[in-house]
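Given next are the chains, with one letter for each unit.
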2 protein chains.
Amino acid sequence: MYYDEAEKLSRLEIERLQLMRLQRTLRQAAKSPFYKERFKECGLDVDAVKSLDDVKSLPFTTKQDLRDSYPDKVLAMPQSEMVRMHVSSGTTGTPTVIYHTQKDLDWWASLMARCMHMVGLRRTDVFQNMSGYGLFTGGLGIHCGAEKLGCLTIPAGAGNSHRQIKLLMDFKVTGIHIIPSYALYLTTIFAELGIDPRTLPLRIALVGAEPYSEESRRRLEALYDMKCYNSYGLSEMNGPGVAFECTEQHGMHVWEDAYLPEIVDPATGEPVPDGEYGELVMTSLGREGMPIIRYRTRDITRFLTEPCPCGREHRRIDRLQGRCDDMMIVKGCNIFPMQIERILMSMPEVGENYLIILERDGFIDNIRVKVEIRDEFFVEDMRQLGSLQKRIASRLRDEILVTPRVELVERNSLPKSEGKAKRVVDNRERGA
Amino acid sequence: MYYDEAEKLSRLEIERLQLMRLQRTLRQAAKSPFYKERFKECGLDVDAVKSLDDVKSLPFTTKQDLRDSYPDKVLAMPQSEMVRMHVSSGTTGTPTVIYHTQKDLDWWASLMARCMHMVGLRRTDVFQNMSGYGLFTGGLGIHCGAEKLGCLTIPAGAGNSHRQIKLLMDFKVTGIHIIPSYALYLTTIFAELGIDPRTLPLRIALVGAEPYSEESRRRLEALYDMKCYNSYGLSEMNGPGVAFECTEQHGMHVWEDAYLPEIVDPATGEPVPDGEYGELVMTSLGREGMPIIRYRTRDITRFLTEPCPCGREHRRIDRLQGRCDDMMIVKGCNIFPMQIERILMSMPEVGENYLIILERDGFIDNIRVKVEIRDEFFVEDMRQLGSLQKRIASRLRDEILVTPRVELVERNSLPKSEGKAKRVVDNRERGA
Ligand SMILES: [Zn+2]
Ligand SMILES: [Zn+2]
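Nothing here was measured: the structure is a model prediction, and the numbers come from that model. Throughout this description, residue numbers start from 1 for each chain and increase along the sequence as written. In the order they appear in the text, chains get letters beginning with A and ligands get numbers beginning with 1. A pLDDT threshold of at least 70 governs which residues receive local features in this predicted model, and a stricter bar of 80 or more applies before side-chain atom pairs are shown or counted, although totals over entire chains, interfaces and linings include all residues. Side-chain numbers here rest on the full set of heavy atoms in the structure, without hydrogens or water.

> I'm lost on the overall build of chain A in this one. Help?
For chain A, the helix and strand inventory stands at 10 helices and 20 strands. The globule rule used for comparison is 2.2 Å times the number of residues to the exponent 0.38, while the radius of gyration itself is calculated over C-alpha atoms. A compact globule built from 432 residues would reach a C-alpha radius of gyration of about 22 Å, and chain A, at 23 Å, matches this within 12%. Overall size of chain A, expressed as C-alpha extent along the three principal axes, is 70 × 60 × 40 Å. Throughout this description, buried means an accessible area under 20% of the type-specific maximum (1.4 Å probe, protein chains only), exposed means over 50%, and partly exposed covers the range between. Residue burial in chain A is summarised as follows: out of 432 residues, 55% are buried. The contact criterion used is simple: two residues touch if any of their non-hydrogen atoms lie within 4.5 Å. For chain A, long-range pairs separated by at least 24 residues make up 66% of all intrachain contacts whose partners lie at least 6 apart in sequence. Split by element, the accessible area of chain A, about 19000 Å² in all, is 51% carbon and sulfur. Strands here mean DSSP runs of E at least two residues long; helices mean DSSP runs of H or I at least four residues long; both are numbered from the N terminus. Exposure was quantified through the Shrake-Rupley algorithm and a 1.4 Å probe, taking into account, for residues, occlusion by the shown protein chains and nothing else.

Listed below in structure tokens is the structure:
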């Protein structure tokens, strides 16, 4: 049933362990030039941290801090103790580097193996890793977890679709790690070859690295006749294996014996009430080589507050809602475009396109949402349209706590964008 | 001094260990469907193998055998015990697949770490692996060895030259794994950046996967101010880590506690006298998942018979002389073009081009060698040319055991080929 003891911990046991490991992690971090200075700056006495609540008084670590510390100022042990490093892709500027000792790697692999075991993979499974290897953590991270679990691991790497399909078939692969858009693309190659992917013995896909909707998940599951499980990871916290869906497919359990997650208001850094959206902040609790304290992930999510039917008491985070940089502040409320999208897309009357416009009337910010309505609902009867309009506004208000102005428009009347859709227009005067 | 005990073994101890492990390997191999049948076919009683000499009576395994056994007929244990597979690239037709248990992988990593330690790499080194990862064994094979040794391992992967150089510099890399042609190419990028690679802290390069000459090695060593060590490996025997140069840079020690090497006549399969060229045949002595008996590598080399000054008694093989498919049979002698090339290129009078022509006079095969002579030696004095001609013929005869007809020609008089040079023309009538 469980891969290891840590999965069975109660809340009380988790929190006791977290406090112990947080204290150890702080003492370890203080050995690095970066944290030594940072702790001194903010007058932090690590021995004064006596409860998990004290974590709120600890300084944050940002991506920029890690960049400024390039290449090795966050190392808490001599570089000779390190056996691997990964480098974040970082499209521009200085990359960030994460170092690992052998013990760090072993624990990472165990956490990854735990994720895979949780969704039903076993040592008897044949697992094909379709991730690029190298500096990107998705390759070696997933690979080492699969080997640790004892799966027959096929390091297929990225690309070469015909070979991927040949491997899947020849070796009766039962588990894969794949990017959702590539999984969709592969179905076109299957079709060309006249092969129905549902006839493969494939049972389980680990899916991450790319945002994709619940609808896409269900579609992939149907196309391949397999279960897809969402994965969350970031190289600063090792990589894959940080949080993972259980078979309930509802939220991702954060392995709280290894990480201390918080959700904060991205504007103020203050904790948000349980269950509300905010920025995920993570502290590593198990890394010796390069511990990281209160890392600002820039990812928006929330804790799911109900107990998970699977019985695990490690808290779940919701599907990611986007990046902090997408956050809008309207009338003092933090609003993420994904919140609006999710409400709109849940209503059958709404078409595929919408536009969010931020405006200012005098000193008051307003939010206007233009929504394309499907032909069959775009009727002449103004009363029906008015009622739909009110319903949408009210549903949105429940979610974002601000009442938007809703405008219903005909299909294809909003500007279409090539590539990534531009969903938000900010017409407020800056600095006014 | 030594990474492990096995490096210190005397010949006697090596051979005692080899016999024990050969017997164990045969019993293990007999559990696989392929060897079970093969042993039955040739009436082999594995318990009757009582000396290392008995290996000569064992059946060979060819690449074609492995292809015919695709995907899993050579497995000696249930597939569920396997944790990784690698697939040979195989430009055409069915690939060959090699499976590994965790124990197999651990031993492979140890052998690889031993190679790296032998040439002076230590846990304090920073090691950048510029190999493609994935199914190709050069990536994960070298990577796991470097981690095992405790180097800070940078999984840089192939390509992206500017990033490779940035990593080399930022992390003060001291050891690399690189393909010789890529190492040469990188120097052009260094030049563009105005960086002299000799100023890097780089000390050691592991070089394999591509044939390259001693001259290229010396050139690379000078360009980077580092030592280059040749590596031999093939995926059927794990991958890298099979044989490796010591700091003497003269021949590659085969780890004979893990492999039983033989050199045979590629035409007859009979052993050749010690020190003569032939096809390398390898038996794995340590693999439990997929033992392979007397694998015909198709690679041409010879044992170096003198003791190595480094003190290790694991036998050395010479630099590879090419593939069996290049072998010519003339007057009953096996001749490889590389033997002729090596002699010619060692003589200062000889230019860069030559041509080998096989002819038949009646029933007698002859070999004719046309050799371009450098301008400064191509003098009018026929006596001097005649003397040079005789000297070349005599040096070649010592090497190939057949006296060739030598013709001296002016520079640029032989046909130039684009790409891979065509060095051999066979004018003998086939089936005559
Ligand atoms: Zn659960
Ligand atoms: Zn030696």
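So, next bit.
> Could you clarify how one ought to interpret the packing of aromatic side chains in this entry?
Where two aromatic rings form a pair, the distance of their centres and the angle of their planes describe that pair. Stacked, tilted and edge-to-face are the three classes applied to pairs of Phe, Tyr and Trp rings, where Trp contributes its six-membered ring and a pair requires centres within 6.5 Å; stacked means planes under 30 degrees apart, edge-to-face means over 60, and tilted covers the rest. In total, this model carries 12 aromatic pairs over all chains according to the counting rule given. Judged by centre distance (6.3 Å) and plane angle (70 degrees), the rings of F171(A) and Y99(B) are edge-to-face. Highlighted residues: F171(A) in the loop between helix 6 (161–170) and strand 5 (175–178) and Y99(B) in strand 2 (residues 97–101), drawn from two different chains. A relative accessible area of 1% means that Y99(B) is categorised as buried. Connected via pairs of aromatic rings, a cluster forms that spans F34(A), Y35(A) and F39(A). We call a charge positioned above a ring when the Lys NZ or Arg CZ atom is no farther than 6 Å from the ring centre and deviates by at most 35 degrees from the ring normal. In this structure, R315(B) is placed above the aromatic ring of F303(B), and the distance from its NZ or CZ to the ring centre is 4.1 Å.

> Explain the coordination of the zinc ion (ligand 1) here, please?
Around a metal, the ideal angle is 109.5 degrees if four donors adopt a tetrahedral arrangement and 90 or 180 degrees if six donors adopt an octahedral arrangement. All names here are of chain A. Because water is not among the atoms used, a metal site may look incomplete, as its donors are only the N, O and S atoms within 2.8 Å, or 3.2 Å for Na, K and Ca. Coordination sphere of the zinc ion (ligand 1), protein contribution only: C246 (SG), H253 (NE2), C308 (SG) and C310 (SG), at 2.1 to 2.3 Å. Of note is the zinc ion (ligand 1), whose four donor atoms meet at the metal with angles of 103 to 119 degrees in an arrangement that counts as tetrahedral. Donor residues for the zinc ion (ligand 1) sit on one chain with the sequence pattern C-x6-H-x54-C-x1-C. Owing to a relative accessible area of 0%, C246 belongs among the buried residues under this scheme. Judged by relative accessible area, which is 0%, H253 ranks as buried. Irregular is the label for any site that misses the other tests, which are tetrahedral for four donors with all angles between 85 and 135 degrees, and square planar for four donors or octahedral for six when opposite donors exceed 155 degrees and the remaining angles lie between 65 and 115.

> Sorry if this is basic, but what is going on with the domain arrangement of chain A here?
By a frequent convention, interface size equals the accessible area lost on bringing the separate parts together. All names here are of chain A. Domain annotation of chain A identifies domain 1 (1–324) and domain 2 (327–426). Segmentation into domains, and thus their bounds, comes from an automatic or database assignment. With centres defined by C-alpha atoms, the gap from domain 1 to domain 2 works out at 33 Å. Each side of the interface is counted separately: domain 1 has 10 residues, and domain 2 has eight residues. Summing the contributions of domain 1 and of domain 2, the shared interface buries around 700 Å²; its carbon and sulfur component is 56%. Residues adjacent in sequence count toward polar contacts only when both atoms are side-chain atoms; beyond that, a polar contact is any pair of N or O atoms within 3.5 Å, and within protein one must be able to donate a hydrogen and the other to accept it. At the surface where domain 1 touches domain 2, the tally comes to four residue pairs in polar contact (both at pLDDT 80 or more). Partitioning the side of domain 1 that touches domain 2 into residue classes produces six nonpolar, two polar and two charged. Buried area: the accessible area, evaluated with a 1.4 Å probe, that two parts lose upon being put together, summed over both parts. Under this grouping Gly is polar, as are all residues other than the nonpolar Ala, Val, Leu, Ile, Met, Phe, Trp, Tyr, Cys and Pro and the charged Asp, Glu, Lys and Arg.

> What is the right way to look at the interface of chain B and chain A in this model?
The interface of chain B with chain A comprises 37 residues on the first partner and 37 residues on the second. Roughly 2900 Å² of surface becomes buried between chain B and chain A when both sides are summed, with 63% attributable to carbon and sulfur atoms. Contact with chain A buries area across many residues of chain B, yet L135(B), L152(B) and F171(B) alone supply 19% of it, more than any other trio. By salt bridge we mean one thing: a side-chain nitrogen of Lys or Arg within 4 Å of a carboxyl oxygen of Asp or Glu. There are four salt bridges connecting chain B and chain A. A salt bridge links R123(B) to E81(A); the shortest N-O distance between them is 3.4 Å. Linking chain B with chain A are 15 residue pairs in polar contact (both at pLDDT 80 or more), by the criterion used here.

> Honestly, the coordination of the zinc ion (ligand 2) in this entry has me stumped. Any pointers?
All names here are of chain B. Listed as protein donors to the zinc ion (ligand 2) are C246 (SG), H253 (NE2), C308 (SG) and C310 (SG); their distances from the metal cover 2.1 to 2.3 Å. One can describe the donor arrangement at the zinc ion (ligand 2) as tetrahedral, given that its four donor atoms subtend angles of 102 to 118 degrees at the metal. Along the chain, the residues that donate to the zinc ion (ligand 2) are spaced as C-x6-H-x54-C-x1-C. Pair noted here: H253 is in strand 9 (residues 252–254) and C310 is in the loop between strand 13 (303–304) and strand 14 (316–317), with a separation of 57 residues, a long-range link. The pair H253 / C310 is uniform in exposure class, with both members buried.

> What's the story with helix 8 (residues 214–224) of chain A in this structure? I'm lost.
An α-helical turn contains 3.6 residues, so any two residues separated by three or four positions project in the same direction. All names here are of chain A. Of all the residues in helix 8, the buried ones are R217, L220, E221 and Y224. Seen along its axis, helix 8 keeps its buried residues to an arc of 100 degrees; they face one direction. Looking at helix 8, the residues exposed on the side facing more than 90 degrees away from the buried face are E215 and R219. Residues of helix 8 that are buried sit in contact with helix 7 (180–193), strand 7 (227–234) and strand 8 (239–245). At the C-terminal side of helix 8, D225 shows a positive phi close to 50 degrees. The arc under discussion is defined with respect to the helix axis, by the directions toward the C-beta atoms.

> Just checking my understanding: could you explain the relation of the copies chain B and chain A for this structure?
The operation relating the pair of chain copies consists of a rotation about an axis and a translation along that axis. C-alpha atoms of residues with pLDDT of at least 70 in both copies form the basis for the least-squares superposition of the copies. Expressed as a screw transformation, the operator carrying chain B onto chain A has a rotation angle of 180 degrees and an axial translation of 0.2 Å, and the superposed copies differ by an RMSD of 0.2 Å. Here the symmetry operator amounts to a two-fold rotation axis. The position closest to the rotation axis in chain B is occupied by the C-alpha of Y133(B), lying 2.8 Å away. Mapped onto chain A, 100% of the interface residues of chain B are again interface residues, and the two copies thus contact each other with one and the same surface.

> Even after reading the chapter, I still don't get the pattern of salt bridges, so can you show me in this structure?
Any two side chains of opposite charge can pair, given that their charged atoms come close. Scanning the model with the defined rule gives 76 salt bridges over all chains in all. One network of salt bridges, with partners in common, ties together E214(A), R217(A), R218(A), E221(A), E245(A) and R319(A).

> Is there a simple way to explain the packing of helix 4 (residues 102–118) of chain B against helix 5 (residues 137–149) of chain B in this structure?
Two quantities define a packed helix pair, namely the angle between the helix axes and the distance between the axes. Residue and element names in this part refer to chain B. Only the stretch in contact is used when a helix axis is fitted, and all axes are lines through C-alpha atoms; the angle between N-to-C directions ranges over 0 to 180 degrees. Running from amino to carboxyl end, helix 4 crosses helix 5 at an angle of 75 degrees, the nearest separation of the two axes being 7 Å. Regarding the angle of helix 4 to helix 5, the classification is roughly perpendicular. Of the residues in helix 5, those touching helix 4 at D106, W108, A109, S110, M112, A113, M116 and H117 are T137, G141, I142, C144, G145, A146, K148 and L149. Looking at side-chain class alone, the contact of helix 4 with helix 5 contains nine nonpolar, five polar and two charged residues. Here the word oblique covers every angle except those under 35 degrees (roughly parallel), over 145 (roughly antiparallel) and from 65 to 115 (roughly perpendicular).

> Is there a simple way to think about the nonpolar core in this case?
Across soluble globular proteins, nonpolar side chains have a tendency to be buried as a group. Here, the term nonpolar core denotes a set of buried Ala, Val, Leu, Ile, Met, Phe, Trp, Tyr and Cys residues that are joined through side-chain atoms within 4.5 Å. Residues F171(A) and L206(B) are the most contacted members of the largest nonpolar core, which totals 92 residues. By residue number, the principal contributor to this core is helix 4 of chain B, which donates six residues. Once residues within four sequence positions are removed from consideration, L206(B) is found in contact with M112(B), M116(B), V119(B), L121(B), F127(B), I142(B), I176(B), H177(B), I178(B), Y229(B) and F244(B). Counting 90 residues, the second-largest nonpolar core is a separate cluster that includes A113(A), C246(A), L260(A) and M226(B).

> What should I look at first to understand the sheet that holds strand 19 (residues 405–410) of chain B in this one?
Where strands meet in a sheet, backbone hydrogen bonds hold them as pairs that are either parallel or antiparallel. Residues and elements named next belong to chain B. The mixed open sheet is built from four strands, whose spatial order is 19-18-17-20. Looking at the sheet topology across the chains shown, the edges are occupied by strand 19 and strand 20 (424–426). Across the sheet, the mean angle separating the axes of adjacent strands is 20 degrees when strand polarity is ignored. Two strands make a pair as long as DSSP finds a minimum of two bridges between them. Taken together, the six bridges between strand 18 (residues 364–373) and strand 19 define a ladder with parallel strand orientation. Residue pairing across strands places I373 opposite E410, the latter belonging to strand 19. Packing of helix 10 (residues 382–400) onto the sheet brings it into contact with strand 17 (350–361), strand 18 and strand 19, and relative to strand 19 it is tilted by some 130 degrees.

> Looking at this model, I keep getting lost on unusual backbone geometry. Mind explaining?
Working note: non-glycine residues mostly have negative phi, and peptide bonds are mostly trans. In this chain, Y70(A) is followed by P71(A) through a cis amide linkage whose omega measures -5 degrees. Mapped onto the elements of the fold, P71(A) is located in the loop between helix 3 (63–68) and strand 1 (82–87). Even without glycine at this site, N160(B) takes up a positive phi of about 60 degrees. Position of N160(B) relative to the elements: it lies in the loop between strand 4 (152–154) and helix 6 (161–170).

> I keep staring at the pairing of strand 8 (residues 239–245) of chain B and nothing clicks. Help me out?
Residue and element names in this part refer to chain B. Of all the seven residues making up strand 8, seven are buried; the element is thus mostly covered by neighbouring parts of the structure. Pairing between strand 7 (residues 227–234) and strand 8: three bridges, direction antiparallel. Looking at the pairing, Y232 lines up with A243 of strand 8. As judged from the three bridges shared by strand 8 and strand 9, these two strands associate in the antiparallel manner.

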